[in-house]
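These are the residues of each chain, in order.
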Amino acid sequence: MDIRLVAEGPWRFRIERTGAMRVPGVVLAPRELLPDEPGDEALAQVAHVATLPGIVRASYAMPDIHWGYGFPIGGVAATDVGRGGVVSPGGVGFDISCGVRLLTAHVDRAALLRKLPVLMDRLDGLIPRGLGRGGLWHLAGRAQLHEILRGGARYAVEQGHGVPRDLDRCEDGGAVGDADTTWIGERALERGAGQVGSLGSANHFLEVQAVDAVYDEACARAFGLRPGLVCVMIHCGSRGLGHQICADHVRAMDSVMRRYGIDVPDPQLACAPVDSPEGRAYLGAMAAAANFARANRQLLADAARGVFRETTGTGLDLLYDVSHNLAKLERHADDGAARPLLCVHRKGATRALPPGHPGLPDGLRPFGQPVFVPGTMGTASYVMTGTIGNRAFDSCCHGAGRVWSRHRAHREMPAHRLRQELAGTGVAVRPVSWRSVTEEAPEAYKDVDAVVRASEHNDLGRLVARLVPLGVLKG
DNA sequence: ATGTAC
């Protein structure tokens, strides 16, 4: 598909509506953040998404956009459920409800520094990570897995893995309501059963960080952040379970799309009307995988809490837990007076509720929803907050965004050089293997500072604080 | 992202 990219000022581009596109593309990034590898298809993917039945307003790309399966990563698309709008598993991604949670410690960087090596050693020995491997929670049986799929972090807390206050600080109170395990295959259940409480690999991590800068003091105070404070950031998702569910439902939709008269420019955009048996089946299974991911992050946070208590005698408070790979049924104002029900796909895009939104807990509502933007290994991460002017269906960026393919990263970054470079930063990196993390080298990613700046210029979110890593656990 | 693939 030919693309006509038009600059709309220094911070954004429009992809003109042509051919089968139903709406334009809107790329919320300055030129230096646009994909520029020869043959990169990320912008074509923005245009492909614009052809989906029922799509409204525009096919959006966040500043961290890069190539993905069907949809770009950093893509946002909303379809009108009442007008034949579709749901597409490729618009959520393989790692269903992958997301980030941030916990604030009761200790400052200076006070922790002496104990950091032993803290990292304990976490290193405790947290399961890497491909395959086990999970922290040894389930009593298949019935308990179903409880997790229905109850998410809420069930984990009920079982003693956390405190009730945690749930107040989770998106959806820790559990999505409409999970339906009927539409999860045996293989997906099998893969998930041993992985509750595990990080996984690639860009997933658990980091001990410190607040390095505060940009909005009132908001930071409400979030419990101040300069020098230690935090724990956890980035992971639904592991093999979500992956298998995505694969299964892509296949199912691929075989029925024609029956619904749907034609897409890329088979990876397999989809079905939200209001169809296949659409409902995917959304039910997706919600169950989302609950799995929230329980997963809850278990990891609770384990980190135990390690902090043992080594420092201090606690960890959950600031917030939010997904950046999910489709949700939401009402948004259209250009008239109506608020139609939309299926909002966010793939590598963080939901970012504005100040005053009823979906926020009392303590956060005046300030907006915390948005977490993890950088790459050894670099800064950011905390942002939702804004009222967000036109991308209350969505923001989700990270630095890849610029090198995983293959190219392996080619250009030998393990020994990465190890040497990170040693120079003073960050205690504990990977399962150095070879496995070469594709996560900082050079393989965009500049996260530029990504958050572009997000702010495009009214996707506002900067609240900058966090720097002290210790990193990787897959 | 993922027991990198039926």
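Presented here is a report on the structure given in the accompanying data block. All residue numbers refer to positions counted from 1 along the written sequence of the respective chain. Throughout, the order in which chains and ligands are written sets their labels, letters from A for the former and numbers from 1 for the latter. In keeping with the model being predicted, local features are shown solely for residues with a pLDDT of at least 70 and side-chain atom pairs are shown and tallied solely at 80 or more, while totals for entire chains, interfaces and linings include all residues. For side-chain calculations, the full set of non-hydrogen atoms in the structure is used, while hydrogens and water are omitted.

## Considerations on the sheet that holds strand β3 (residues 25–27)
Item 1. A pair of strands counts as paired when DSSP detects no fewer than two bridges linking them. Secondary structure elements are defined from DSSP: runs of H or I of at least 4 residues count as helices, runs of E of at least 2 residues count as strands, and each element is numbered from the N terminus. Reading across from one edge, β1-β2-β3-β4-β5-β13-β12 is the order of the 7 strands in this open sheet, with mixed pairing throughout. Only two strands of the sheet have a single partner each, and these edge strands are β1 (5–7) and β12 (325–331). On average, adjacent strands in this sheet sit at an angle of 20 degrees to one another, irrespective of strand direction.
Item 2. In terms of strand pairing, strand β2 (residues 13–15) meets β3 through 3 bridges, oriented antiparallel. Within β3, the residue paired with F13 across the bridge is V27.
Item 3. Any two residues whose heavy atoms approach within 4.5 Å at even a single point are treated as in contact. In this analysis, axes come from line fits to C-alpha atoms, helices being fitted only over the stretch in contact, and the angle between any two N-to-C directions falls in the range 0 to 180 degrees. Packed onto the sheet, helix α1 (residues 42–49) meets β1, β2, β3, β4 (59–66) and β5 (73–80) and runs at close to 160 degrees relative to β4.

## Let's talk about helix α8 (residues 239–254)
Item 1. Any helix carries an expected span of 1.5 Å times its number of residues minus one. Taking 1.5 Å as the rise per residue, α8 with 16 residues should run 22 Å; its terminal C-alpha atoms sit 23 Å apart, in good agreement.
Item 2. Taken as a whole, α8 has its buried residues at R239, G240, L241, G242, Q244, I245, C246, H249, V250 and M253.
Item 3. Where α8 is buried, its residues touch β6 (86–87), α4 (142–158), α6 (186–193), β10 (272–273) and α9 (277–312). Partly exposed residues are those whose accessible area sits between 20% and 50% of the maximum for their type, while under 20% is buried and over 50% is exposed, using a 1.4 Å probe and protein chains only.

## Here's the deal with empty space enclosed by the protein
Item 1. For each structure, a 1 Å grid was placed over the protein atoms alone; sets of points admitting a 1.4 Å probe that cannot get out are labelled cavities, open sets with protein on both sides within 12 Å along at least five of seven lines are labelled pockets, and lining residues have an atom within 4 Å of a point. Grid points are joined across faces, edges and corners, and a volume is the space filled by probe spheres set on the points. The final tally for this structure, using the stated rule, is 2 cavities of 30 Å³ or more.
Item 2. The computed volume of the largest cavity comes to approximately 40 Å³.
Item 3. Around the largest cavity sit E171, S323, H324, N325, L326, K328, R346, A349 and R351, which together line it.
Item 4. The biggest single contributor to the lining of the largest cavity is β12, with 3 residues.

## Focus: the pairing of strand β16 (residues 381–385)
Item 1. Of all 5 residues in β16, 5 are buried, a share of seventy percent or more.
Item 2. Side chains S381, V383 and T385 project from β16 onto one buried face, and the interleaved Y382 and M384 project onto a second face that is buried too.
Item 3. Bridge count for strand β15 (residues 370–373) against β16 is 4 bridges, and the pairing is antiparallel. Its bridge partner being in β16, P370 is matched across the sheet by T385.
Item 4. For β16 and strand β19 (residues 462–474), the ladder comprises 5 bridges, and the chain directions are antiparallel. Within β19, the residue paired with M384 across the bridge is L463.

## As for the protein's contact with DNA strand B
Item 1. Residues in contact with DNA strand B amount to 17 residues; listed here are only the nearest, R191, Q195, S201, N203 and R239.
Item 2. A share of 66% is what sugar and phosphate atoms reach among the atoms of DNA strand B within 4 Å of the protein.
Item 3. Think of a polar contact as two N or O atoms within 3.5 Å of one another; within protein, one of them needs to be a possible hydrogen donor and the other a possible acceptor, and neighboring residues in sequence only count if both atoms come from side chains. S201 is positioned such that a nitrogen or oxygen atom in its backbone is 3.0 Å from a phosphate oxygen of DNA strand B.
Item 4. Take R406: an N or O atom from its side chain is 3.3 Å from a phosphate oxygen of DNA strand B.
Item 5. Mapped onto the surface near DNA strand B, the elements with two or more residues apiece are α6 and α8. Residues are classed as near a molecule or strand on a simple rule: at least one heavy atom within 4 Å of it.

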